[in-house]
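The residues making up each chain are set out below.
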Amino acid sequence: MTISNNYLFCFFLFFSSIVTSQSVSIIGKVISEDNIENIHVINKTAKVFTVTNKEGVFYITAKINDTLQFTSIQHGVKNVIVLNEVIKTKTMLVQLDEQVNYLGEVVVGKILTGDLLSDIENAETDTPINFYDVGIPGYKGKLATQSERRLAQAGEFKPKMLIGMLLGGASLDPIINGISGRTKMLKKRVSLEKKEDLLRTIKSNLPDNFFSNYSLNEDLRADFFFFCLEDPDFKNKCEGKSELEVFQFLIEKLQQYKKNFQTTEG
């Protein structure tokens, strides 16, 4: 009888471990005094995400001990561990606090005493050694692309160059390239390459389940990204912006793309 009970106990532990290790679909609700729509809910453990609707409700898959992160412009970041009770009820209620930015004390430089020798000794003026300190020429800026180098070589015509041409000291290349349209073409190419680099960065940072939450056929995704690239505000809305702002831009463009696609198909 004891052996049988031991088997039952072991089976119960094994079954419980299987249940708690499985992901379940959770319905949750965010509570806040501020706007609760479009709050990003990220399962940092499972690498999936979703957003809340206008009522603050969200749906996401998770298992016990997963970490859910809630982020938005209006609220501070909040991490919540998925407990066993959440898995059992498949529901979650999350209270978010409004984001408040406090400025700390600001000290500009050191306080001067009026004693010149003392102030000089206390001044922090050390600078790191660079190429030029040791007499070695070097370039520490960003390396130019092939198109950027060609644009620099092509030059850009300026009226004052005419004086140099008359005196025989200026190159004709900027004028020839300007008239032929080569300079304009190179400028467009440089601008396009920068936008394509930005798009590649956005795609590499995009969660794997982005098109699962915002469905789009796989054969249309490349065309969708090209649609984003053609937006005149693409660079302004994505370059140097937070992931949240980029997500919002992509969601807006995806809605526009689907609407245009449906109109074309109709």
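Just above sits the structure.
This write-up is about the structure you can find in this document.

What counts, and where the lines are drawn
Residues numbered from 1 in each chain as written. Predicted model: local features only at pLDDT ≥ 70, side-chain atom pairs only at ≥ 80, totals over all residues. Heavy atoms only, no water. Phe/Tyr/Trp six-rings, centres within 6.5 Å; stacked < 30°, edge-to-face > 60°. Helix = DSSP H or I, 4+ residues; strand = E, 2+ residues; numbered from the N terminus. Core = buried A, V, L, I, M, F, W, Y, C linked by side-chain atoms within 4.5 Å. Buried < 20%, exposed > 50% of the residue type's maximum accessible area, 1.4 Å probe, protein only. Contact = heavy atoms within 4.5 Å. Pairing = 2+ DSSP bridges. Axes fitted to C-alpha atoms, helices over the stretch in contact; angles between N-to-C directions. Salt bridge = Lys/Arg side-chain N within 4 Å of Asp/Glu carboxyl O. Expected span 1.5 Å × (residues − 1). Patch = residues over 30% accessible without salt bridge, like charges linked within 9 Å, V, L, I, M, F, W, Y side chains within 5 Å. Areas by Shrake-Rupley, 256 points an atom, 1.4 Å probe, with all protein chains shown as cover. Lys, Arg positive; Asp, Glu negative; His and termini not counted. Charge placed at Lys NZ, Arg CZ, Asp CG, Glu CD.

On to the packing of aromatic side chains, then. Evaluated as defined, the whole model comprises nine aromatic pairs. Where Phe234 meets Phe249, the ring centres are 6.1 Å apart and the plane angle is 55°; that geometry is what we call tilted. Of the two residues, Phe234 is situated in helix α10 (residues 234-238) and Phe249 in helix α11 (residues 243-265); the sequence distance between them amounts to 15 residues. With centroids separated by 6.4 Å and ring planes inclined at 15°, the aromatic side chains of Tyr257 and Phe261 adopt a geometry described as stacked. Taken as a pair, Tyr257 and Phe261 lie in helix α11 at a separation of four residues, close to a single helical turn.

All right, on to the nonpolar core then. Residues Phe210, Phe224, Phe234 and Leu250 are the most contacted members of the largest nonpolar core, which totals 25 residues. Mapped onto this core, the elements with two or more residues apiece are β3 (48-51), α7 (182-205), α8 (210-213), α9 (218-229), α10 and α11. Considering each element in turn, this core owes the most residues, seven residues, to α11. Other than its neighbours up to four places away in sequence, Phe210 contacts Phe49, Leu250, Ile251 and Leu254. Counting 18 residues, the second largest nonpolar core, distinct from the first, contains Val30, Ile39, Phe58 and Leu68.

Here we take up the sheet that holds strand β5 (residues 67-71). Taken together, the four strands give an open sheet; going across it, the order is β3-β2-β5-β6, and neighbouring strands pair in antiparallel fashion. Of all strands in the sheet, those bounded by a partner on one side alone are β3 and β6 (78-81). Strand-to-strand, the axes of this sheet are offset by a mean angle of 20°, without reference to chain direction. When strand β2 (residues 40-43) meets β5, the two strands line up antiparallel, connected through four bridges. Looking at β5, one finds that Ile42 is bridged to Gln69.

So, on to the environment of Lys44. Relative to the assigned elements, Lys44 resides in the loop between β2 and β3. Along the backbone, Lys44 and Thr67 are 23 residues apart, and their C-alpha atoms lie at a distance of 5.7 Å. In this structure, Lys44 is in contact with Thr67, Gln69 and Asn79, ignoring residues within four places of it in sequence.

Turning next to the sheet that holds strand β1 (residues 24-31). Taken in spatial order, the three strands of this open sheet run β4-β1-β7, and their pairing is mixed. Unpaired on one side and paired on the other, β4 (57-62) and β7 (91-95) mark the two borders of the sheet. The sheet shows a mean angle of 30° between the axes of neighbouring strands, taken without regard to direction. As paired elements, β1 and β4 share six bridges and run antiparallel to each other. Its bridge partner being in β4, Ile26 is matched across the sheet by Ile60.

With that out of the way, let us pick up the pattern of salt bridges. Summed over all chains, the structure comprises three salt bridges. Of the charged contacts in the structure, one is a salt bridge between Lys63 and Asp66, with a shortest N-O distance of 3.5 Å. The exposure class of Asp66 is buried, given its relative accessible area of 2%. Residue Arg200 pairs with Asp197 through a salt bridge whose shortest N-O separation is 2.2 Å. Here Arg200 and its partner Asp197 are both found in helix α7, three residues apart, which amounts to about one turn of the helix.

Moving on, we come to the pairing of β6. The side chains of a regular strand alternate, first on one face of the sheet and then on the other. Of the pairings in the sheet, the one linking β5 to β6 comprises four bridges and is antiparallel in character. Across the sheet, the residue bridging to Leu68 is Val80, located in β6. From the end of β5 to the start of β6, which pair antiparallel, there are six residues.

Helix length check: α7, at 24 residues, gives a terminal C-alpha distance of 35 Å against a target of 34 Å (1.5 Å per residue), a fit within 8%. When α7 is considered as a whole, its buried residues turn out to be Thr183, Leu186, Val190, Lys195, Leu198, Leu199 and Ile202.

On the surface, a cluster of positive charge is contributed by Arg149, Arg150, Arg182 and Arg189. Sorting the residues of the positive patch by element identifies α4 (146-154) and α7 as the ones contributing at least two each.

It is worth spelling out unusual backbone geometry at this point. In the Ramachandran plot, Asn38 falls in the positive-phi region, its phi being about 60° despite a non-glycine side chain. With respect to the helices and strands, Asn38 occurs in the loop between β1 and β2. Relative accessible area serves as the criterion here: at 39%, Asn38 is assigned to the partly exposed category. We note that Lys90 has phi near 60°; this positive angle belongs to a residue other than glycine. A residue is classified by how much of its surface remains accessible, and Lys90, at 42% relative accessible area, is partly exposed.

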